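Topology and contacts: notes
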There are 2 protein chains.
Amino acid sequence: MMEQIADILKKNQLSITEGRKKILNMFLNSPGALAHADIEKNTDASFDRVTVYRTLQTFVEKGIIHNIPTTDNSILYALCKDNCEAGHHHDNHVHFICDVCDKTICLENVIIPEVKLPKGFTQKQTDVVISGICNKCK
Amino acid sequence: MMEQIADILKKNQLSITEGRKKILNMFLNSPGALAHADIEKNTDASFDRVTVYRTLQTFVEKGIIHNIPTTDNSILYALCKDNCEAGHHHDNHVHFICDVCDKTICLENVIIPEVKLPKGFTQKQTDVVISGICNKCK
DNA sequence: ACATTTTTGCACCAATGTTGCAAAAAATAA
DNA sequence: TTATTTTTTGCAACATTGGTGCAAAAATGT
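The following refers to the structure shown. Residue positions are given per chain, counted from 1 along the sequence in the order it is written. Chain labels run from A onward and ligand labels from 1 onward, assigned in the order the entries are written. In keeping with the predicted nature of the model, local features appear solely for residues at pLDDT of at least 70, side-chain atom pairs appear and are counted solely at 80 or more, and the whole-chain, interface and lining totals rest on all residues. Side-chain numbers come from the whole structure's heavy atoms, not from hydrogens or water.

Remarks on the sheet that holds strand β5 (residues 104–111) of chain A
We apply this condition: Two strands are counted as paired when DSSP detects at least two bridges linking them. A run of H or I in DSSP counts as a helix once it spans at least four residues, and a run of E counts as a strand once it spans at least two, with each numbered from the N terminus. Lines fitted to the C-alpha atoms define the axes, with helices restricted to the stretch that makes contact. Angles between their N-to-C directions range from 0 to 180 degrees.
Read across the open sheet, the six strands follow the order β5(A)-β4(A)-β6(A)-β6(B)-β4(B)-β5(B); overall the sheet is mixed. Two strands bound the open sheet, and with one partner strand each, they are β5 of chain A together with β5 (104–111) of chain B. Across the sheet, the axes of successive neighbouring strands diverge by a mean angle of 30 degrees, strand direction being ignored. Pairing of strand β4 (residues 93–98) of chain B with β5(B) involves five bridges; the strand directions are antiparallel. If you follow B:H95 over to β5(B), its bridge partner there is B:C106.

Structure (C-alpha coordinates):
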(Lines give C-alpha, C1' and ligand atoms only; values in the text may rest on other atoms or scores of the structure.)
Protein backbone atom coordinates (compact mmCIF):
# COMPACT_ATOMS: atom_id res chain seq x y z
CA MET A 1 0.00 0.00 0.00
CA MET A 2 2.70 2.45 0.99
CA GLU A 3 4.59 1.12 -2.02
CA GLN A 4 1.73 2.02 -4.30
CA ILE A 5 1.82 5.53 -2.94
CA ALA A 6 5.51 5.95 -3.55
CA ASP A 7 4.97 4.68 -7.07
CA ILE A 8 2.39 7.34 -7.81
CA LEU A 9 4.76 10.02 -6.59
CA LYS A 10 7.63 8.60 -8.59
CA LYS A 11 5.52 8.37 -11.71
CA ASN A 12 4.89 12.08 -11.35
CA GLN A 13 8.51 12.99 -10.77
CA LEU A 14 8.00 14.09 -7.23
CA SER A 15 10.36 13.60 -4.33
CA ILE A 16 8.99 11.07 -1.90
CA THR A 17 8.45 12.78 1.42
CA GLU A 18 6.52 11.98 4.57
CA GLY A 19 4.05 14.76 3.96
CA ARG A 20 3.24 13.82 0.40
CA LYS A 21 2.89 10.17 1.27
CA LYS A 22 0.51 10.86 4.13
CA ILE A 23 -1.64 13.31 2.21
CA LEU A 24 -1.83 11.05 -0.80
CA ASN A 25 -2.73 8.20 1.53
CA MET A 26 -5.62 10.24 2.92
CA PHE A 27 -7.00 10.65 -0.56
CA LEU A 28 -6.65 6.96 -1.36
CA ASN A 29 -8.52 6.06 1.81
CA SER A 30 -11.22 8.68 1.47
CA PRO A 31 -14.50 7.76 -0.22
CA GLY A 32 -15.14 11.39 -1.08
CA ALA A 33 -13.47 14.67 -1.75
CA LEU A 34 -11.32 16.45 0.80
CA ALA A 35 -10.99 20.09 1.66
CA HIS A 36 -7.81 21.72 2.83
CA ALA A 37 -9.24 21.83 6.34
CA ASP A 38 -9.90 18.08 6.38
CA ILE A 39 -6.25 17.41 5.74
CA GLU A 40 -5.01 19.96 8.21
CA LYS A 41 -7.31 18.67 10.96
CA ASN A 42 -6.13 15.10 10.48
CA THR A 43 -4.86 14.03 13.87
CA ASP A 44 -2.19 11.45 13.15
CA ALA A 45 -0.36 13.64 10.73
CA SER A 46 0.65 17.17 11.50
CA PHE A 47 2.41 19.29 8.98
CA ASP A 48 2.47 22.99 8.60
CA ARG A 49 -0.51 24.68 6.99
CA VAL A 50 1.78 25.96 4.29
CA THR A 51 2.98 22.47 3.46
CA VAL A 52 -0.59 21.33 2.96
CA TYR A 53 -1.28 24.23 0.62
CA ARG A 54 1.84 23.55 -1.37
CA THR A 55 1.29 19.81 -1.52
CA LEU A 56 -2.26 20.19 -2.79
CA GLN A 57 -1.08 22.71 -5.34
CA THR A 58 1.61 20.35 -6.54
CA PHE A 59 -0.78 17.42 -6.75
CA VAL A 60 -3.20 19.47 -8.83
CA GLU A 61 -0.43 20.57 -11.17
CA LYS A 62 0.69 16.99 -11.64
CA GLY A 63 -2.87 15.83 -12.20
CA ILE A 64 -2.89 13.51 -9.21
CA ILE A 65 -5.93 15.26 -7.79
CA HIS A 66 -8.34 17.73 -9.28
CA ASN A 67 -10.60 20.28 -7.72
CA ILE A 68 -14.33 20.34 -7.72
CA PRO A 69 -16.38 23.52 -8.15
CA THR A 70 -18.39 24.52 -5.10
CA THR A 71 -21.03 27.13 -4.47
CA ASP A 72 -19.57 28.26 -1.18
CA ASN A 73 -16.04 29.53 -1.17
CA SER A 74 -14.28 26.30 -0.33
CA ILE A 75 -12.05 24.27 -2.59
CA LEU A 76 -12.65 20.55 -2.71
CA TYR A 77 -10.01 18.17 -3.98
CA ALA A 78 -10.58 14.66 -5.17
CA LEU A 79 -8.43 11.88 -6.46
CA CYS A 80 -10.12 9.86 -9.11
CA LYS A 81 -8.70 6.45 -8.66
CA ASP A 82 -8.66 4.89 -12.10
CA ASN A 83 -7.65 7.94 -14.04
CA CYS A 84 -4.99 9.18 -11.75
CA GLU A 85 -3.15 5.93 -11.35
CA ALA A 86 -2.86 5.75 -15.09
CA GLY A 87 -0.99 9.03 -14.93
CA HIS A 88 -3.09 11.01 -17.33
CA HIS A 89 -6.05 12.76 -15.95
CA HIS A 90 -9.62 12.85 -17.23
CA ASP A 91 -12.25 14.74 -15.39
CA ASN A 92 -15.40 14.02 -17.24
CA HIS A 93 -17.48 12.47 -14.52
CA VAL A 94 -20.23 13.84 -12.31
CA HIS A 95 -19.59 15.12 -8.81
CA PHE A 96 -22.24 14.48 -6.20
CA ILE A 97 -22.60 16.44 -2.97
CA CYS A 98 -24.81 14.91 -0.31
CA ASP A 99 -26.96 17.40 1.59
CA VAL A 100 -27.15 15.05 4.57
CA CYS A 101 -23.63 13.78 5.22
CA ASP A 102 -22.06 16.67 3.32
CA LYS A 103 -19.64 14.36 1.54
CA THR A 104 -18.64 14.88 -2.05
CA ILE A 105 -18.11 11.86 -4.22
CA CYS A 106 -17.02 11.33 -7.77
CA LEU A 107 -19.50 9.27 -9.73
CA GLU A 108 -16.92 7.75 -12.03
CA ASN A 109 -19.45 5.87 -14.10
CA VAL A 110 -21.95 8.63 -14.66
CA ILE A 111 -21.01 10.22 -17.94
CA ILE A 112 -21.68 13.86 -18.56
CA PRO A 113 -24.20 14.32 -21.35
CA GLU A 114 -23.55 16.54 -24.37
CA VAL A 115 -24.52 20.14 -23.92
CA LYS A 116 -25.14 22.18 -27.04
CA LEU A 117 -23.82 25.70 -26.76
CA PRO A 118 -24.95 28.73 -28.78
CA LYS A 119 -22.98 29.73 -31.88
CA GLY A 120 -19.52 31.09 -31.23
CA PHE A 121 -18.88 29.26 -28.00
CA THR A 122 -16.09 26.70 -27.83
CA GLN A 123 -16.34 24.09 -25.13
CA LYS A 124 -13.25 22.85 -23.31
CA GLN A 125 -14.29 21.44 -19.97
CA THR A 126 -17.65 20.61 -18.49
CA ASP A 127 -18.21 20.27 -14.77
CA VAL A 128 -21.40 18.83 -13.40
CA VAL A 129 -22.10 19.05 -9.72
CA ILE A 130 -25.29 17.47 -8.46
CA SER A 131 -26.53 17.87 -4.92
CA GLY A 132 -29.12 15.73 -3.17
CA ILE A 133 -29.08 12.65 -0.97
CA CYS A 134 -26.48 9.93 -1.48
CA ASN A 135 -27.01 6.18 -1.46
CA LYS A 136 -25.76 5.80 2.12
CA CYS A 137 -27.95 8.48 3.65
CA LYS A 138 -31.06 7.33 1.82
CA MET B 1 -34.04 52.56 -15.28
CA MET B 2 -33.54 53.61 -11.68
CA GLU B 3 -37.29 53.12 -11.31
CA GLN B 4 -37.02 49.54 -12.48
CA ILE B 5 -34.39 48.94 -9.80
CA ALA B 6 -36.54 50.34 -7.03
CA ASP B 7 -39.35 48.13 -8.25
CA ILE B 8 -37.26 44.99 -7.95
CA LEU B 9 -36.31 45.92 -4.42
CA LYS B 10 -39.90 46.73 -3.50
CA LYS B 11 -41.14 43.48 -4.97
CA ASN B 12 -38.76 41.69 -2.64
CA GLN B 13 -39.77 43.67 0.43
CA LEU B 14 -36.45 45.39 0.79
CA SER B 15 -35.86 48.94 1.90
CA ILE B 16 -34.66 51.06 -0.96
CA THR B 17 -31.19 52.31 -0.11
CA GLU B 18 -28.38 53.85 -2.08
CA GLY B 19 -26.18 50.81 -1.66
CA ARG B 20 -28.74 48.29 -2.78
CA LYS B 21 -29.73 50.39 -5.76
CA LYS B 22 -26.14 50.80 -6.90
CA ILE B 23 -25.21 47.17 -6.45
CA LEU B 24 -28.34 45.95 -8.18
CA ASN B 25 -27.60 48.41 -10.95
CA MET B 26 -24.15 46.92 -11.41
CA PHE B 27 -25.71 43.51 -11.90
CA LEU B 28 -28.23 44.81 -14.40
CA ASN B 29 -25.47 46.45 -16.41
CA SER B 30 -23.06 43.55 -16.25
CA PRO B 31 -23.05 40.98 -19.03
CA GLY B 32 -21.53 38.39 -16.74
CA ALA B 33 -21.26 37.34 -13.16
CA LEU B 34 -19.72 39.52 -10.49
CA ALA B 35 -17.49 38.65 -7.58
CA HIS B 36 -17.53 40.47 -4.29
CA ALA B 37 -14.24 42.13 -5.26
CA ASP B 38 -15.71 43.52 -8.50
CA ILE B 39 -18.36 45.34 -6.54
CA GLU B 40 -16.01 46.60 -3.89
CA LYS B 41 -13.52 47.86 -6.46
CA ASN B 42 -16.21 49.79 -8.31
CA THR B 43 -15.01 53.35 -8.39
CA ASP B 44 -18.12 55.46 -8.51
CA ALA B 45 -19.71 53.73 -5.60
CA SER B 46 -17.98 53.28 -2.31
CA PHE B 47 -19.63 51.49 0.54
CA ASP B 48 -18.15 49.56 3.35
CA ARG B 49 -16.93 46.05 2.66
CA VAL B 50 -19.38 44.76 5.21
CA THR B 51 -22.26 46.41 3.45
CA VAL B 52 -21.34 44.65 0.24
CA TYR B 53 -21.24 41.30 2.00
CA ARG B 54 -24.59 41.87 3.62
CA THR B 55 -26.21 43.18 0.48
CA LEU B 56 -25.09 40.19 -1.56
CA GLN B 57 -26.28 37.87 1.16
CA THR B 58 -29.65 39.55 1.24
CA PHE B 59 -29.99 39.43 -2.53
CA VAL B 60 -29.22 35.71 -2.54
CA GLU B 61 -31.77 35.06 0.20
CA LYS B 62 -34.41 36.96 -1.73
CA GLY B 63 -33.53 35.16 -4.94
CA ILE B 64 -32.53 38.29 -6.78
CA ILE B 65 -29.10 36.86 -7.51
CA HIS B 66 -27.68 33.37 -7.22
CA ASN B 67 -24.18 32.13 -6.88
CA ILE B 68 -22.21 30.10 -9.34
CA PRO B 69 -19.89 27.26 -8.40
CA THR B 70 -16.23 27.97 -9.06
CA THR B 71 -13.08 25.88 -9.02
CA ASP B 72 -11.03 28.49 -7.26
CA ASN B 73 -12.17 29.79 -3.94
CA SER B 74 -14.12 32.76 -5.11
CA ILE B 75 -17.85 33.23 -5.00
CA LEU B 76 -19.48 34.49 -8.16
CA TYR B 77 -22.91 36.06 -8.17
CA ALA B 78 -25.17 36.49 -11.13
CA LEU B 79 -28.54 38.01 -11.72
CA CYS B 80 -30.57 36.11 -14.24
CA LYS B 81 -32.68 38.74 -15.82
CA ASP B 82 -35.90 37.04 -16.78
CA ASN B 83 -36.25 34.84 -13.78
CA CYS B 84 -35.39 37.35 -11.18
CA GLU B 85 -37.67 40.07 -12.41
CA ALA B 86 -40.51 37.63 -12.17
CA GLY B 87 -39.72 37.29 -8.50
CA HIS B 88 -39.33 33.55 -8.30
CA HIS B 89 -36.00 32.12 -9.03
CA HIS B 90 -35.01 29.22 -11.26
CA ASP B 91 -31.43 28.24 -11.68
CA ASN B 92 -31.51 25.52 -14.25
CA HIS B 93 -29.29 27.01 -16.89
CA VAL B 94 -25.68 26.46 -17.84
CA HIS B 95 -22.88 28.73 -16.63
CA PHE B 96 -20.06 29.46 -19.01
CA ILE B 97 -16.60 30.65 -18.01
CA CYS B 98 -14.41 32.09 -20.76
CA ASP B 99 -10.75 31.13 -20.52
CA VAL B 100 -9.75 34.23 -22.48
CA CYS B 101 -11.67 37.15 -21.00
CA ASP B 102 -12.30 35.29 -17.75
CA LYS B 103 -15.94 36.38 -17.67
CA THR B 104 -18.68 34.13 -16.43
CA ILE B 105 -22.02 34.27 -18.16
CA CYS B 106 -25.35 32.61 -17.68
CA LEU B 107 -26.52 30.82 -20.79
CA GLU B 108 -30.18 31.29 -20.05
CA ASN B 109 -31.35 29.29 -23.00
CA VAL B 110 -29.09 26.29 -22.64
CA ILE B 111 -31.03 23.80 -20.58
CA ILE B 112 -29.27 21.31 -18.37
CA PRO B 113 -29.74 17.78 -19.69
CA GLU B 114 -31.01 14.91 -17.56
CA VAL B 115 -28.33 13.02 -15.72
CA LYS B 116 -29.12 9.49 -14.60
CA LEU B 117 -27.70 8.71 -11.19
CA PRO B 118 -26.96 5.26 -9.76
CA LYS B 119 -29.54 3.58 -7.53
CA GLY B 120 -30.05 5.17 -4.15
CA PHE B 121 -29.12 8.69 -5.15
CA THR B 122 -31.72 11.44 -4.99
CA GLN B 123 -31.13 14.48 -7.14
CA LYS B 124 -32.03 17.96 -5.91
CA GLN B 125 -29.96 20.49 -7.81
CA THR B 126 -27.73 20.21 -10.82
CA ASP B 127 -25.06 22.76 -11.63
CA VAL B 128 -23.28 22.74 -14.95
CA VAL B 129 -20.24 24.90 -15.47
CA ILE B 130 -18.60 24.84 -18.87
CA SER B 131 -15.31 26.52 -19.61
CA GLY B 132 -13.90 27.40 -23.00
CA ILE B 133 -13.94 30.39 -25.29
CA CYS B 134 -16.95 32.68 -25.45
CA ASN B 135 -18.60 34.16 -28.51
CA LYS B 136 -16.89 37.52 -28.08
CA CYS B 137 -13.36 36.21 -27.72
CA LYS B 138 -13.70 33.81 -30.63
C1' DA C 1 -42.69 65.65 11.58
C1' DC C 2 -42.20 61.93 14.72
C1' DA C 3 -41.51 57.26 16.33
C1' DT C 4 -40.09 52.81 14.84
C1' DT C 5 -37.59 49.71 12.17
C1' DT C 6 -33.90 48.72 9.16
C1' DT C 7 -29.49 49.49 7.30
C1' DT C 8 -24.97 51.25 7.42
C1' DG C 9 -20.20 52.09 8.94
C1' DC C 10 -16.69 51.37 12.17
C1' DA C 11 -13.69 48.74 15.02
C1' DC C 12 -12.31 44.51 15.94
C1' DC C 13 -11.77 39.67 15.24
C1' DA C 14 -11.08 35.05 12.87
C1' DA C 15 -10.05 32.18 9.08
C1' DT C 16 -7.73 31.48 4.89
C1' DG C 17 -4.14 31.83 1.77
C1' DT C 18 0.73 33.69 0.24
C1' DT C 19 5.78 34.80 0.30
C1' DG C 20 10.80 34.85 1.69
C1' DC C 21 14.17 32.59 3.81
C1' DA C 22 16.90 29.46 6.63
C1' DA C 23 16.94 24.64 8.29
C1' DA C 24 16.01 19.93 7.20
C1' DA C 25 15.27 16.20 4.22
C1' DA C 26 15.64 13.83 -0.24
C1' DA C 27 17.95 12.94 -4.51
C1' DT C 28 22.19 12.70 -6.96
C1' DA C 29 27.16 12.18 -7.50
C1' DA C 30 31.47 10.51 -6.13
C1' DT D 1 28.66 5.31 2.36
C1' DT D 2 29.67 9.93 2.38
C1' DA D 3 29.59 14.39 0.24
C1' DT D 4 27.25 17.62 -2.70
C1' DT D 5 23.34 19.47 -4.85
C1' DT D 6 18.57 20.03 -5.14
C1' DT D 7 14.12 20.01 -3.23
C1' DT D 8 10.98 20.45 0.45
C1' DT D 9 9.63 21.91 4.86
C1' DG D 10 8.59 25.02 8.79
C1' DC D 11 8.53 29.45 10.64
C1' DA D 12 7.44 34.24 10.72
C1' DA D 13 5.31 37.79 8.84
C1' DC D 14 1.94 39.56 5.87
C1' DA D 15 -2.33 40.05 2.77
C1' DT D 16 -6.96 38.96 1.78
C1' DT D 17 -11.42 37.50 2.76
C1' DG D 18 -15.33 37.07 5.52
C1' DG D 19 -17.97 37.73 10.06
C1' DT D 20 -19.89 40.13 14.55
C1' DG D 21 -21.52 43.76 17.91
C1' DC D 22 -22.94 48.09 18.41
C1' DA D 23 -23.92 52.96 17.86
C1' DA D 24 -25.06 56.35 14.22
C1' DA D 25 -27.65 57.17 10.16
C1' DA D 26 -31.15 56.38 6.90
C1' DA D 27 -35.57 54.51 5.47
C1' DT D 28 -40.30 53.31 6.52
C1' DG D 29 -44.91 53.84 8.57
C1' DT D 30 -48.18 56.74 11.14
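Right, picking up where we left off after that structure.
Quick look at the relation of the copies chain A and chain B
What counts is decided by this rule: Fitting of the copies onto one another was done by least squares over C-alpha atoms, counting residues only where both copies have pLDDT of at least 70. In what follows, residue pairs with any heavy atoms lying within 4.5 Å of each other are defined as contacts.
The operation relating chain A to chain B is a screw motion whose rotation component is 178 degrees, with 0.1 Å of axial translation and a residual RMSD of 0.2 Å. Both copies are brought into coincidence by an operation consistent with a two-fold rotation axis. Same-surface contact between copies: 100% of interface residues of chain A are shared with the interface of chain B.

Some points on the protein's contact with DNA strand D
Where we set the bar: In this text, near means that some heavy atom of the residue lies within 4 Å of the molecule or strand in question. A 3.5 Å cut-off defines polar contacts: any pair of N or O atoms within that distance qualifies, except that in protein one atom must be a possible hydrogen donor and the other a possible acceptor, and neighbouring residues in sequence count only when both atoms are side-chain atoms. When residues are sorted by character, Ala, Val, Leu, Ile, Met, Phe, Trp, Tyr, Cys and Pro go into the nonpolar class, Asp, Glu, Lys and Arg into the charged class, and all the rest, Gly among them, into the polar class.
Among the 16 residues in the neighbourhood of DNA strand D, the closest are listed as A:T17, A:R20, A:T51, A:R54 and B:I16. Backbone sugar and phosphate groups make up 63% of those atoms of DNA strand D lying within 4 Å of the protein. At a separation of 2.8 Å, a phosphate oxygen of DNA strand D approaches a polar side-chain atom of A:T17. B:R49 is positioned with one of its side-chain polar atoms (N or O) 3.1 Å from a base nitrogen of DNA strand D. Among the elements of the structure, α4 (49–62) of chain A together with α4 (49–62) of chain B are those that each provide at least two residues to the surface near DNA strand D. Top element by residues in the surface near DNA strand D is α4(B). It accounts for four residues. Considering only residue class, the surface near DNA strand D consists of five nonpolar, six polar and five charged.

Structural notes on unusual backbone geometry
Among all residues except glycine, the phi angle is most often negative; among peptide bonds, the trans geometry is most common. Notably, A:Q13 is not glycine yet its phi reads approximately 55 degrees, a positive angle. Inspection of the secondary structure puts A:Q13 in the loop between α1 (2–11) and α2 (18–29).

Points about the protein's contact with DNA strand C
Contacts to DNA strand C come from 16 residues, most closely from A:I16, B:T17, B:R20, B:T51 and B:R54. Sugar and phosphate atoms constitute 61% of the interface atoms of DNA strand C, taking the interface as everything within 4 Å of the protein. Between A:I16 and DNA strand C, the recorded distance is 2.7 Å, taken from a backbone N or O atom to a phosphate oxygen. One of the backbone N or O atoms of B:D48 is found 3.3 Å from a phosphate oxygen in DNA strand C. Among the elements that take part in the surface near DNA strand C, α4(A) stands out by supplying four residues, more than any other. Along the lines of polarity and charge, the residues of the surface near DNA strand C split into five nonpolar, six polar and five charged.

Quick notes on the pattern of salt bridges
Pairs can form between side chains of opposite charge once their charged atoms are near each other. Residue and element names in this part refer to chain A. Test applied: Note on definitions: salt bridges are taken to be side-chain nitrogens of Lys or Arg within 4 Å of carboxyl oxygens of Asp or Glu. Only protein chains enter the accessibility calculation, which uses a 1.4 Å probe; a residue whose area is less than 20% of its type maximum is buried, one above 50% is exposed, and one in between is partly exposed.
Tallying each qualifying case throughout the model produces two salt bridges over all chains. One salt bridge in this structure joins K21 and E18, with 3.6 Å as the shortest N-O distance. Separated by three residues within a single helix, K21 and E18 lie in helix α2, roughly one turn from each other. With a relative accessible area of 18%, K21 lands in the buried category.

What to know about the pairing of strand β6 (residues 122–133) of chain B
Two strands pair when backbone bridges link them, and strand β6 (residues 122–133) of chain A and β6(B) are joined in this way by eleven bridges, in the antiparallel orientation. Bridging from a neighbouring strand, A:D127 pairs with B:V129 of β6(B).

A closer look at the sheet that holds strand β2 (residues 66–68) of chain B
All names here are of chain B. In spatial order, the strands read β1-β3-β2; together these three strands make up an open sheet with antiparallel pairing. Looking at which strands have only one partner, the edges of the open sheet turn out to be β1 (34–35) and β2. Strand direction decides the pairing type here: β1 and strand β3 (residues 76–78), joined by two bridges, are antiparallel. Note that in β3 the partner of L34 across the bridge is Y77.

Section: the packing of helix α2 (residues 18–29) of chain B against α4(B)
All names here are of chain B. Put simply, the rule is: Any angle that falls under 35 degrees is termed roughly parallel, while one over 145 is termed roughly antiparallel, one within 65 to 115 roughly perpendicular, and all others oblique. A clockwise turn of the near helix away from the far one marks a right-handed crossing, whereas an anticlockwise turn of less than a right angle marks a left-handed crossing.
At their nearest, the axes of α2 and α4 sit 11 Å apart, and the two run at 65 degrees to each other. In this view, α2 runs roughly perpendicular relative to α4, as classed from their interaxial angle. For α2 against α4, the interelement crossing comes out right-handed. In contact with R20, I23, L24 and F27 of α2, α4 contributes V52, T55, L56, T58 and F59. A class-by-class count of the residues in the contact of α2 with α4 yields six nonpolar, two polar and one charged.

Purely geometric stuff here, so don't read any function into it on its own.
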